[in-house]
Amino acid sequence: MDPAQPADRVPADQTPPDGQPPVTPGRPGPADSAVPAGEPALVEPAAAPTAAPAEAGERPVPPASREAARSERSPKDMAISLLVLLVPIALLLAFYRGFLGGDQPTTVDPAPAIESARAANAFPVAEPRGLGDGWRTVNATFQTVEGGATLRIGFLTPEGRAVQVVQSNVPPERLLPVELTDEGQPQGQADLDGRTWQRYTARGNEQALVLLEPTRTVIVVGDARDNELRALAGALG
C-alpha cells in the first residue's frame, strides 16, 4: 500500500482526458477564457488621439470654413464701398467746376508782349480790336529768333476752337514752313478790308490766312472755322 500524500499536493501525472489539450499549471486553459454562449466578447475601445497642446503665445487656428465666410463679400457690399469712395470725389469735382471755374481756360493779358514787340521796333505791330466777349486770350509771347523777331498771340474762339496770330519779320520762305509745316500749300486769295490775304493749308485739320507785306508777315492759323478766321484777321489794325 502506498503511503498517504498531503491533500494540497498536485499529482505528478497531469495527463488530460482523451481529446483535451494539456493544461499548464498556473495558466488558464481554453475553457477558462472561452466566452459563454450568447454573450458578446468585450473589446477594449482604442484611446482617442490627444491633440498636442499649443505652444505658449500661439493662438489656435480657426476652422477653414469660418475664414472663408469672413473673406467672402457680396456684390452689395462692394457697391456700397465704391459709392462711399465716389461721393467725395464727385463733391470735390462739383466744387472745383462751380466755384473755382475749373472748366474755364486760363486767360492772359497780351499787353506786355505787345509792348515788348513795339519797343523792339522790328516790324509794325497790329493788335486785334473789336472782338466780341466770347474771344479769350490764352497766351502771348514775343521773342527774338534767328533772322528776326516774332510775336504770337493765342486765342480761344467763341466756339471754343484754338487760333493764333503770328507777326514776324522773318523771311516768309523760312517762316511759313515752320508755322504751317512743309505741307502747307496756297489755296487762293481772300480779300479782307481792302487787303489781300492768301489761304493756306496747315498741320492736321488747321487752315490759315497769310498776309505778305514788305516789312512783316502776318499769319492767322488754327482749327477754327473760316468765319472766325476771317473775323480775327479783319480785327488786326
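Residues numbered from 1 in each chain as written. Predicted model: local features only at pLDDT ≥ 70, side-chain atom pairs only at ≥ 80, totals over all residues. Heavy atoms only, no water.

A. Quick peek at the overall build of the protein. Scanning the protein from terminus to terminus reveals six helices and seven strands. Tracing the protein from N to C terminus, the helices and strands come up as α-α-α-α-β-β-β-α-β-β-β-β-α. Here the protein holds 237 residues, and the buried ones make up 23% of them. Here the analysis covers contacts within the protein between residues at least 6 apart in sequence; of these, 46% occur between residues at least 24 apart. In the structure as shown, the protein presents an accessible area of about 17,100 Å², 55% of it carried by carbon and sulfur atoms. (Helix = DSSP H or I, 4+ residues; strand = E, 2+ residues; numbered from the N terminus. Buried < 20%, exposed > 50% of the residue type's maximum accessible area, 1.4 Å probe, protein only. Contact = heavy atoms within 4.5 Å. Areas by Shrake-Rupley, 256 points an atom, 1.4 Å probe, with all protein chains shown as cover.)

B. Region of the structure containing the pattern of salt bridges. Evaluated as defined, the whole model comprises nine salt bridges. One salt bridge connects E206 with R203, and the closest N-O pair in it is separated by 3.8 Å. Judged by relative accessible area, which is 24%, E206 ranks as partly exposed. In this structure, the salt-bridge partner of E213 is R216, at a minimum N-O distance of 2.7 Å. Given the relative accessible area of 27%, E213 is considered partly exposed. (Salt bridge = Lys/Arg side-chain N within 4 Å of Asp/Glu carboxyl O.)

C. Molecular detail of the packing of aromatic side chains. Per the counting criterion, the structure on display carries one aromatic pair. Relative to F155, the ring of W135 lies with its centre 6.3 Å away and its plane at 80 degrees, an arrangement referred to as edge-to-face. Here W135, found in the loop between α4 (111-120) and β1 (136-145), pairs with F155, found in strand β2 (residues 148-156); they are 20 residues apart in sequence, far enough to count as distant. Just as W135 is buried, F155 falls in that class too. (Phe/Tyr/Trp six-rings, centres within 6.5 Å; stacked < 30°, edge-to-face > 60°.)

D. Spatial organisation of the sheet that holds β1. Spatial strand order, β1-β2-β3-β7-β6-β5-β4: seven strands in an open sheet with antiparallel pairing. In the strand order of this sheet, the two ends are held by β1 and β4 (186-192), each with one partner. On average, adjacent strands in this sheet sit at an angle of 20 degrees to one another, irrespective of strand direction. In the sheet, strand β5 (residues 195-201) pairs with strand β6 (residues 207-212) via four bridges, with the strands oriented antiparallel. (Pairing = 2+ DSSP bridges. Axes fitted to C-alpha atoms, helices over the stretch in contact; angles between N-to-C directions.)

E. How the structure looks around the nonpolar core. Counting residues in each nonpolar core, the largest one holds 25 residues, and the members touching the most others are L151, V163, W197, L209 and V220. Elements with a minimum of two residues in this core: α4, β2, β3 (162-168), β4, β6, β7 (217-222) and α6 (226-234). Of the residues forming this core, the biggest block, four residues, is contributed by β2. (Core = buried A, V, L, I, M, F, W, Y, C linked by side-chain atoms within 4.5 Å.)

F. Highlighting the side chain of T150. Relative to the elements of secondary structure, T150 occurs in strand β2. Looking at T150, the relative accessible area reads 3%, which means it is buried. A polar contact is formed between the side chain of T150 and the side chain of S168, at a distance of 3.0 Å. What T150 contacts, discounting residues up to four positions off in sequence, is F123, T141, F142, Q143, V145, V166, Q167, S168 and V170. (Polar contact = N/O pair within 3.5 Å; in protein donor to acceptor, adjacent residues only side chain to side chain.)

G. Structural view of a nonpolar patch on the surface. On the surface, L82, L86 and I89 cluster together to form a nonpolar patch covering roughly 290 Å² of accessible area. Note that L82 resides in helix α3 (residues 75-98). According to the relative accessible area criterion, L82 is partly exposed, its value standing at 48%. (Patch = residues over 30% accessible without salt bridge, like charges linked within 9 Å, V, L, I, M, F, W, Y side chains within 5 Å.)

H. Region of interest: the pairing of β1. Bridge analysis of β1 against β2 gives nine bridges, and the strand direction is antiparallel. The residue bridging T141 from the neighbouring strand is R152, located in β2. Hairpin connection from β1 to β2: two residues lie between these consecutive antiparallel strands, with G147 at a positive phi of about 90 degrees.

I. Focus on the environment of L176. Mapping L176 onto the fold places it in helix α5 (residues 172-180). Judged by its relative accessible area of 13%, L176 is buried. As a C-alpha pair, L176 and V210 span 34 residues in sequence and 9.0 Å in three-dimensional space. The residues contacting L176, other than those within four sequence positions of it, are T181, Y200, V210 and I219.

J. Seen up close, α6. Turning to α6, its buried residues are E228, L229, L232 and A233. Burial along α6 is one-sided: seen end-on, the buried residues are contained in an arc of 135 degrees. Residues of α6 that are buried in the fold lie against β2, β3, β4, β5, β6 and β7. (Arc of directions from axis to C-beta.)

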